[in-house]
Each structure stands twice: as C-alpha cells, then as structure tokens.
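# Structural description and commentary
Each chain, letter by letter, is given below.
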Amino acid sequence: MFENLSERLSGVFDRLTKQGALSEADVESALREVRTALLEADVSLPVVREFVKAVSKKATGQAVTKSITPGQQVVKIVHDELIAMLAGDTDPGVLKIDSPPAPILMVGLQGSGKTTTTAKLARRLKDREGKRVLLASLDTNRPAAMEQLAILGTQIGVDTLPIVKGEDPIAIAKRAKTQASLGGYDVYILDTAGRLHIDAELIAQAAAVRDVVSPRETLLVVDGLTGQDAVNVATEFDAKIGVTGVVLTRMDGDGRGGAALSMRAITGKPIRFIGLGEKTDALEVFDANRIAGRILGM
Amino acid sequence: EARRTVDDAMLEELEELLITADMGVETATRVTANIGDALHGRRLTTREIKEALAREVGRIMEPVARPLPIYPKKPQVVLVVGVNGSGKTTTIGKLASQFKAAGKQVVVAAGDTFRAAAVEQLQVWGERAGVPVLTAPEGSDPASLAFDAMTRAEEIGADLLLIDTAGRLQNRQDLMEELAKIVRVIRKKDPSAPHNTLLVLDATTGQNAVMQVDIFRKIADVSGLVMTKLDGTARGGVLVALADKFGLPIHAIGLGEQIDDLAPFDPQEFARALCGLEELK
Ligand SMILES: Nc1nc2c(ncn2[C@@H]2O[C@H](COP(=O)(O)OP(=O)(O)OP(=O)(O)O)[C@@H](O)[C@H]2O)c(=O)[nH]1
Ligand SMILES: Nc1nc2c(ncn2[C@@H]2O[C@H](COP(=O)(O)OP(=O)(O)OP(=O)(O)O)[C@@H](O)[C@H]2O)c(=O)[nH]1
Ligand SMILES: [K+]
Ligand SMILES: [Mg+2]
Ligand SMILES: [Mg+2]
C-alpha cells in the first residue's frame, strides 16, 4: 500500500546521474522523502524531525560512491542511522532478574498485550533459564482478566497467585511479593490492568504498586501497530511510572512498526522483545536490524 | 489573539497537526491543500484557522456518520470483527446494553473460542447488559457456534444477535479463512445475514488501519466501523483517510471501559477534537 523508501528515492535521484558530492538541494529533497516514508511507517513526528536532522548531518557533502546510486547511498545512511538509534549506544545486557525473587512489572495501554506477554515471558524464563516463576494479575478492572492469566499459567505450567476476590491491586502486589519470597520463586511478574497514560488515578495506582515491590524491570508493553500517539504513551508512562524496557506486540502483523523508533527515541530504554503471535511461544528478542529494514519497507 | 497570514509555513504547520492525529501524509496534504486554496493570503487567528480546518474535516466525515442500521429482520445478525485487542468484546457489551435499553431483545454469542477467558469476559458483559450469552467450549469451531446461535436466537424470538469473534491480524491468511467460513456458515442459515459486519478499530492504531479495513472488507464484507479508545490522546485521524478511500459508515466511538462509554459518531465533534479545538465527550 505504501511505497518503500528506495522507490521514493529513486524518483528523486532519477535526474541526478553525474557523480560528485551530494548537493544540499539533493539531500533536501531526499530528506523530504525520508520524512514521508517514516511518517507512513507511523514514526511519531517529533522523532521523525530529530531523525531527519541526524541523517541530514551525515548525508550533506558526502561523496557519491561510484558503485552505488545516490538513492542507494541515502538509503544506506538512513538504514545505518535507524539501526544505530534502535539499538542504542550501550548493550542493554540481559533482564535484571538476579537476586531472587526479582519482580517484573508489566504496564501499558488497554489491550496492548500485557497479559499475553506476561505469559510469554514467564514461559521463556522457565524454559530457557530454568527460572521458577510466579505470575500475579493485578487487573481488578477488566472482566475475567485474572482468569485469563490463570488459564495461561496452567497452559505453560507456571504458578499463578491464587485469586482473592475483592482485593485491590496494592494488596495483591504485597501478597505476590510475600508469596514469591516464601515460595522460593526466582522471578515474579505482575500483570496490571490496561490504563491510559492520561488517567491520573490509575497511573498513580501503578506508581504505588511500583513503590510496594520495587520492580527490577518495568516493561512497557506497546502495540506494534501504534501510530502517532506512541510519543505521548512513551513520555507519560516513563515519566510517571518509570520504564526500564519496552515490548512491542503484534509484530506478526503487516504494520511497518515505526512505534519501535518512537519508543526507543523517547524513553531511551531498550526494546527487549517483540511479540509475534498469540501463542505463548511467540516472543523473540528484539533485533534492530530486522526492524530497521521493516520500517523502511525493505 | 494575534493574526497570521495564511502562507506556506502556516499550511505546513496545519499539515503536521493532521499528521500527528494519524491522518497519514497523503490525506493530510490533500486536506491542507483544500484549506490553502480557500484561505491563502488571508490574515486569521490560529483559532480561526483551526476552525476552518475542522469544518473541512467535518465536511469529509459528514457522509460516513451513520448509526447502525436496524432492519425488520428477526434475528438481525451483527458480526463483530477486528484485530487483536481492538475492543470487540467490550463494544459488544456496550451495544447489547444500548439495544436492550431501546427495547430490543438481544442475544450475544461468544464466538471467540480461542483466547483464554474470552468467553468468561463476554459472560460478564452479558450479565452487565442483562442479556443471555450463548457459548461453546474453548477450542470449538466458531462457525458452528455462530450457526447454533442463530438457531437459538430464532427460537427465542430475539431481535438482535451480536456475534463476537476472536481477534485476528488481517495478514494471517489461516485466520482470515476461518472468518470467511464463519460468514459462509451464517449465510447458509440466512442468506441475508450477517446484516451488519462491524469492524472495530483501535484509535491508537496508525496507518495499518487502512490495511485492516481493506482486507477485512474483502474477506468479511464489512458494513461499518466502530472506533474505540478515543478517550485517550490518540485522535483517530486515520478515519479521515478511511472515509476518503472506502466511504464505509462509522457507527459509533468508544470513549472508555464502562458500559455507557459508547457514543454515536459525531463528525463535527470528531473534527474539532482532531484539530485540537475541544475534547470528545
Ligand atoms: N497477533 C498477535 N496478537 C497478540 C500479540 N500479543 C497479544 N496478542 C493478542 O492481543 C489481544 C490482547 O492481548 P492481552 O494480553 O489480553 O492484552 P492486555 O494488554 O493484557 O489487555 P488489557 O488487560 O485489557 O489491557 C489478545 O487477543 C492477544 O491474543 C502478538 O504479539 N501478536
Ligand atoms: N480506554 C478505553 N478502553 C477500551 C475501550 N474499548 C475497549 N477498551 C479496553 O481495551 C481492552 C481490550 O478490549 P476487548 O474488548 O477485550 O478487545 P477485543 O477486541 O475483544 O480483544 P481480543 O478478543 O483479545 O482480540 C480492554 O481492557 C477494554 O477494557 C475504549 O473505548 N476506551
Ligand atoms: K482523543
Ligand atoms: Mg490484560
Ligand atoms: Mg474479545
């Protein structure tokens, strides 16, 4: 449906055949195409602006290489810069879940995939790292949310905190913490109710949960199909709750996944995993290379 | 308030306002160009310009703002489809409650036989709305459930049957084929059904919504749209691109998680919220 960046740029550079340095005008019209391509891939506008600035610095005055066309050259600069931004400067290392029982807090908007990702992560930690994991649903809001997590726990052979009707999220978090210590668990993961970043009351509640358990990781679960709102979601969740990493779900879709760049650029936190399906094994470690190519439609 | 001359810089700002509302570059450029043609060189306040922009968006949205049509058919079958987590089940709960309040006899079918606790979730909504929920065990064939639900709804003499389905991404061919089968089986029972096929879109979704509509429309004959989660900061601008491309009616918008948080789609209000002039209520 949308043209990829190479196609866009080939149009811009068709008339430019002679070799030399990329002129300012060439770069400017190329950057216009880069901007459009990123916006169509759902990268948030403020992030697009910053990105285009960075690419502009790198591209202006660069000698045109004989072996590739100017269009290919710009695509390469953009691609490299995307990978660099998506990956960040430092290796985030593994999840900080030493010192048992290590709490992980899952937060995000309604329907982003928190509960499913909670189960996926638990399965991964259990199967690959041999961790003993306890799951707890703090979602007292959505109908059957607790049952959903309990069913998933049973499916993957991971314990879930027994459901006590009428308990509030803070009380559940405390009980999970106690149970995780007493039960000798390595990790406990707290699934929370979906909340809007502008819902002051629910955001404060998540912050209160955070204060109770001092999570080692707070993962913001974001729909990979998210559009321009990514900037607001990232800003608010990070400012009010403090996230340590991001999980992008629904990356098995045919979206371009520009939210990945928005999330990374705004929070500065690593994207840890991507969700690639509804089943509990459909979770993969984030790979900047792959996502960069996808954002550019390559 | 200071007046500004409507020039290219001003128009670029307007275009960016629309882009940040998820309208997409192409549609935003076109809408801005229309405004530019009409207002270029005039001196206006920011508010006046936004008002003009909202009028233009409202004009585009006016023809697609139509409530869910009610047919003299018993039961009228409403199939609810969409990608994962968009708000299908919640919207069914809200619709059931509204139609019941309007004096209709409503039955709901739990066609998501796949996701953990999807049936239980819908049962809670059924209780809240005060309508019966027809279910089948987890893992059973959703098409057979739909068929059985139609039989049952007929026996009860229900006016409306709302059928929930599992979330599916439009690029998953196997799941889209499953949906096509649900539609085929429903038509075996009543060739005029489903009388409405609602595609539920999440307002936070960006340009992928265009693909969602395109493919769901081809597979399941979508007859109308509902957009949820407009109570957040997402402004749902992709609806303008969709109105332009497909012209499908927009029946309602979701403005929260409670049973009454479903409102008719009001094109003027939507346009004003999109242009940052007021909040949606
Ligand atoms: N295709 C696909 N579907 C996913 C993925 N992750 C989650 N889902 C689906 O998305 C829907 C919502 O997932 P949940 O885990 O219930 O989302 P949530 O964030 O817990 O939702 P709330 O608790 O209501 O806020 C379900 O249908 C999941 O099966 C993914 O990576 N790919
Ligand atoms: N803020 C807000 N949340 C909503 C709205 N509509 C639905 N939700 C929430 O979004 C989440 C997902 O809603 P569901 O109704 O379960 O979505 P679904 O499409 O049935 O999901 P699957 O069946 O898993 O594909 C739930 O937490 C709902 O409470 C809305 O209009 N506004
Ligand atoms: K809004
Ligand atoms: Mg959940
Ligand atoms: Mg559902």
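Our structure is the block above this text.
In this report, we go over the structure that sits alongside the text. (Residues numbered from 1 in each chain as written. Chains lettered and ligands numbered in written order. Predicted model: local features only at pLDDT ≥ 70, side-chain atom pairs only at ≥ 80, totals over all residues. Heavy atoms only, no water.)

## Some details on the overall build of chain A
Regarding its fold elements, chain A presents 11 helices and eight strands. Once the C-alpha set of chain A is aligned to its principal axes, its extents read approximately 75 × 40 × 35 Å. Scored against the burial criterion, the 298 residues of chain A give a buried share of 56%. Intrachain contacts of chain A at a sequence separation of at least 6 include 77% that bridge at least 24 residues. (Helix = DSSP H or I, 4+ residues; strand = E, 2+ residues; numbered from the N terminus. Buried < 20%, exposed > 50% of the residue type's maximum accessible area, 1.4 Å probe, protein only. Contact = heavy atoms within 4.5 Å.)

## Let's talk about the site of ligand 2
Ligand 2 sits among 23 residues. The nearest are Lys88, Thr89, Thr90, Arg115 and Glu257 of chain B. The site occupied by ligand 2 is bordered by residues of chains A and B. Interatomic distance of 2.8 Å between a backbone N/O atom of Gly85 of chain B and an oxygen atom of ligand 2. The contact in question runs from an oxygen atom of ligand 2 to an N or O atom on the backbone of Gly87 of chain B, over 2.8 Å. Protein chains shield 96% of the accessible area of ligand 2, which is 660 Å² for the free molecule. For the shell around ligand 2, the per-class residue count stands at two nonpolar, 13 polar and eight charged. (Near = heavy atom within 4 Å. Polar contact = N/O pair within 3.5 Å; in protein donor to acceptor, adjacent residues only side chain to side chain. Areas by Shrake-Rupley, 256 points an atom, 1.4 Å probe, with all protein chains shown as cover. Nonpolar A, V, L, I, M, F, W, Y, C, P; charged D, E, K, R; others polar.)

## Concerning the site of ligand 1
All names here are of chain A. Near ligand 1 you find 24 residues, and of these Gly113, Lys114, Thr115, Thr116 and Arg142 are the closest. In this structure, Ser112 approaches ligand 1 through a main-chain N or O atom, which is 3.2 Å from an oxygen atom. Residue Gly194 places a main-chain N or O atom 3.4 Å away from an oxygen atom belonging to ligand 1. Computed on the free molecule, ligand 1 has an accessible area of 650 Å², of which 97% lies beneath the protein chains in the complex. With four residues, helix α5 (residues 114–129) is the single largest residue contributor to the shell around ligand 1. Class assignment of the residues belonging to the shell around ligand 1 gives a composition of three nonpolar, 13 polar and eight charged.

## Digging into the packing of helix α1 (residues 8–20) of chain B against helix α3 (residues 46–61) of chain B
In a packed pair of helices, the relevant descriptors are the angle between the two axes and the axis-to-axis distance. All names here are of chain B. One can describe the packing of α1 onto α3 by two numbers: an axis separation of 12 Å at closest approach and a directional angle of 55°. Relative to α3, the element α1 lies oblique. As for how α1 packs across α3, the hand of that crossing is right-handed. Contact residues: Met10, Leu14, Leu17 and Leu18 in α1; Ile49, Lys50 and Leu53 in α3. A breakdown of the residues in the contact of α1 with α3 according to their chemical character gives six nonpolar, no polar and one charged. (Axes fitted to C-alpha atoms, helices over the stretch in contact; angles between N-to-C directions. Parallel < 35°, antiparallel > 145°, perpendicular 65-115°, else oblique. Left-handed = near helix turned anticlockwise from the far one by under 90°.)

## What to know about the packing of aromatic side chains
All names here are of chain B. Enumeration according to the criterion identifies one aromatic pair over all chains in this entry. With centroids separated by 5.1 Å and ring planes inclined at 55°, the aromatic side chains of Phe265 and Phe270 adopt a geometry described as tilted. Look at Phe270 and you get buried, because its relative accessible area is 2%. (Phe/Tyr/Trp six-rings, centres within 6.5 Å; stacked < 30°, edge-to-face > 60°.)

## What about helix α10 (residues 259–267) of chain A?
Counting buried positions over the nine residues of α10 of chain A gives seven, a clear majority of the element. Of the positions making up α10 of chain A, those classed as buried are Ala259, Ala260, Leu261, Ser262, Met263, Arg264 and Thr267 of chain A.

## Focus on the interface of chain B and chain A
Tallying the contact residues gives 41 residues for chain B and 39 residues for chain A. In this assembly, chain B packs against chain A so that about 3600 Å² is buried in total across both faces, 55% of it on carbon and sulfur atoms. Joining chain B to chain A, the criterion identifies three salt bridges. Here Arg49 of chain A and Glu16 of chain B are joined by a salt bridge, their closest N and O atoms 2.5 Å apart. Inspection of the region where chain B meets chain A yields 19 residue pairs in polar contact (both at pLDDT 80 or more). When residues in the side of chain B that touches chain A are grouped by element, the largest group, six residues, is from helix α8 (residues 208–220) of chain B. Among the residues making up the side of chain B that touches chain A, the classes are represented as 13 nonpolar, 15 polar and 13 charged. (Buried area = accessible area lost by both parts, 1.4 Å probe. Salt bridge = Lys/Arg side-chain N within 4 Å of Asp/Glu carboxyl O.)

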